[in-house]
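One letter stands for each residue in the lines below.
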Amino acid sequence: SKNLLHSPHPSRAAVLFGCVVASIGAAYLIIHFSYATSTYDATILNDHPVAYWAMDNAANGTEPDLTGHGHTGTYKGGSPTSTTLLDNEPASEFNGTTQYMTVPSSPDFSVPTTGQLTWEAWIRPDTLQYPNSSTGYADFMGKCDQYSPTCEWESRMYDATNSQNRCSRISAYVFNLAAGLGSAADWQPNCNLLQAGQWLHVVGEYQTLTQPPGCNGPQVGGINIWVNGVEWNMADHLQTGCMSQYGITPTTSTSPLVIGTTAFDFWF
């Protein structure tokens, strides 16, 4: 699952999403920006994802699931404008205030279905300070549209300047359905490494199949994250990265998958 691509993996921000990948005993959610009908698409689809969105069809109001599994996305809050990826393929640029894409709930998007879920995304934050957030971060994707009682997981990016005096970081969170404190993996480089306008390839993984070294339990499982192919160092952050950090037992809910926000209070 860590090698689905070549590497294992706001104000305005562009978001490209790809797919949830299903393989033996595991489900992987890969959210990428698409390189339409390209070798890149073929590489992703060859991994048999459960969903893959190119994010290049906003003008039509819907985004097809290129896997053929029928997980069609619908744009809300107005159509994103078009931008381009590093290879000049089209991508969607959300306005950071109203625009998002929603996909109906499916067991394919939930950790308990197979005990493992991985999402993958290309994102481009056009600001490192989110003006439409009161908490110092913006969610760029998640399955947690109403918080309690439907919260499963989400992915977020934090302000570069914050009350904790921490460097900007990107996180993969997982929750109990009642929301509250979630367990997470935090990719936090040296300050000033992340830049506004920079394309980032982000991969988050949740699993409840094995206990990572150093996790205290009793909940089994962990969270992992990579940015631009670089894996965070869980050993330096324990108990961060453990499902048991905040007693998380992933559970399936009716929340849709939402891209560009999560619960409509913070916008990417």
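Read on for an overview of the structure.

**Focus on the sheet that holds strand S11 (residues 137-143)**
Here eight strands make up an open sheet; going across it, the order is S5-S6-S9-S18-S11-S12-S13-S14 and the pairing antiparallel. Each having just a single partner strand, strand S5 (62-63) and strand S14 (183-187) make up the two edges of the open sheet. Two strands pair when backbone bridges link them, and strand S6 (residues 73-76) and strand S9 (residues 100-103) are joined in this way by three bridges, in the antiparallel orientation. In the sheet register, Tyr-75 faces S9, and the bridge partner there is Met-101.

**Some words on the pattern of salt bridges**
Inspection of every chain in the model, using the stated rule, returns six salt bridges. Of the charged contacts in the structure, one is a salt bridge between Glu-93 and Arg-124, with a shortest N-O distance of 3.2 Å. Residue Glu-93 is found in strand S8 (residues 90-94), and its partner Arg-124 is found in strand S10 (residues 116-125); the two are separated by 31 residues along the sequence. Each member of the pair Glu-93 and Arg-124 is classed as buried. Glu-152 is the salt-bridge partner of Lys-143, the closest N and O atoms lying 2.6 Å from each other. Across this residue pair, the class does not change: Lys-143 and Glu-152 are buried. A single network of salt bridges, built from pairs that share partners, joins Glu-93, Arg-124 and Asp-126.

**Topic: the side chain of Ser-244**
Among the structural elements, Ser-244 can be located in the loop between strand S17 (230-231) and strand S18 (257-259). For Ser-244, the residues in contact, after removing those within four places along its chain, are Cys-215, Asn-216, Gly-217, Pro-218, Gln-219 and Gln-239.

**Focus: the environment of Gly-221**
Tracing the backbone shows Gly-221 in the loop between strand S15 (200-207) and strand S16 (222-227). Along the chain, Gly-221 and Gln-211 lie ten residues apart, while their C-alpha atoms are 5.0 Å from each other. Those residues in contact with Gly-221 that sit more than four places away from it in its chain are Gln-207, Thr-208, Thr-210, Gln-211, Pro-212, Cys-215, Gly-241, Cys-242 and Met-243.

**Remarks on the nonpolar core**
Membership of the largest hydrophobic core comes to 42 residues, with the highest contact counts inside it found for Trp-53, Phe-140, Ile-170, Val-202 and Tyr-206. The greatest single-element share of this core, amounting to four residues, is contributed by S10. For Val-202, the contacting residues outside a window of four places in its chain are Trp-119, Glu-120, Ala-121, Ile-123, Phe-140, Ile-170, Ile-225, Trp-226 and Val-227. Counting residues in each nonpolar core, the second largest holds nine residues, with Tyr-137, Cys-144, Ala-179 and Ala-184 among its members.

**Overview of unusual backbone geometry**
Of note, the amide linkage connecting Gly-217 to Pro-218 takes the cis form, showing an omega dihedral of 10 degrees. Within the secondary structure, Pro-218 is located in the loop between S15 and S16. Geometrically, the link from Leu-238 to Gln-239 is a cis peptide bond, its omega value of 5 degrees lying close to zero. Secondary-structure assignment places Gln-239 in the loop between S17 and S18. One non-glycine residue, Asn-192, lies in positive phi territory at about 75 degrees.

**What to know about the state of the cysteines**
All chains considered together, the criterion is met by three disulfides. Across a sulfur-sulfur distance of 2.1 Å, Cys-215 and Cys-242 are joined as a disulfide pair. Sign of the S-S torsion, about -85 degrees for the bond between Cys-215 and Cys-242, identifies this disulfide as left-handed. Taken together, the residues span a long stretch of sequence, with Cys-215 in the loop between S15 and S16 and Cys-242 in the loop between S17 and S18 at a distance of 27 residues. You can call Cys-215 buried: its relative accessible area is 12%. Accessibility expressed as a relative area gives 0% for Cys-242, which makes it buried. Once the bonded cysteines of the protein are numbered in order along the sequence, the disulfide links fall as 1-2, 3-4, 5-6.

About the thresholds
- All chains use their own residue numbering, which begins from 1 and follows the written sequence.
- Reporting in this predicted model follows two pLDDT cut-offs: at least 70 for local features of residues, and 80 or more for side-chain atom pairs to be given and counted; totals over whole chains, interfaces and linings ignore these cut-offs and use all residues.
- Where side-chain values are given, they derive from all heavy atoms of the structure, hydrogens and water being excluded.
- At least two bridges found by DSSP between two strands are what make those strands a pair.
- A run of H or I in DSSP counts as a helix once it spans at least four residues, and a run of E counts as a strand once it spans at least two, with each numbered from the N terminus.
- Within this document, salt bridges are pairs made up of a side-chain nitrogen of Lys or Arg and a carboxyl oxygen of Asp or Glu, the two lying within 4 Å of each other.
- Type-normalised accessible area, obtained with a 1.4 Å probe on protein chains alone, sets the label of each residue: buried when under 20%, exposed when over 50%, and partly exposed for intermediate values.
- We call two residues contacting when some pair of their heavy atoms lies within 4.5 Å.
- Here the nonpolar core consists of buried residues drawn from Ala, Val, Leu, Ile, Met, Phe, Trp, Tyr and Cys, with membership extended through side-chain atoms lying within 4.5 Å.
- Count a disulfide wherever a pair of cysteine sulfur atoms falls within 2.5 Å.

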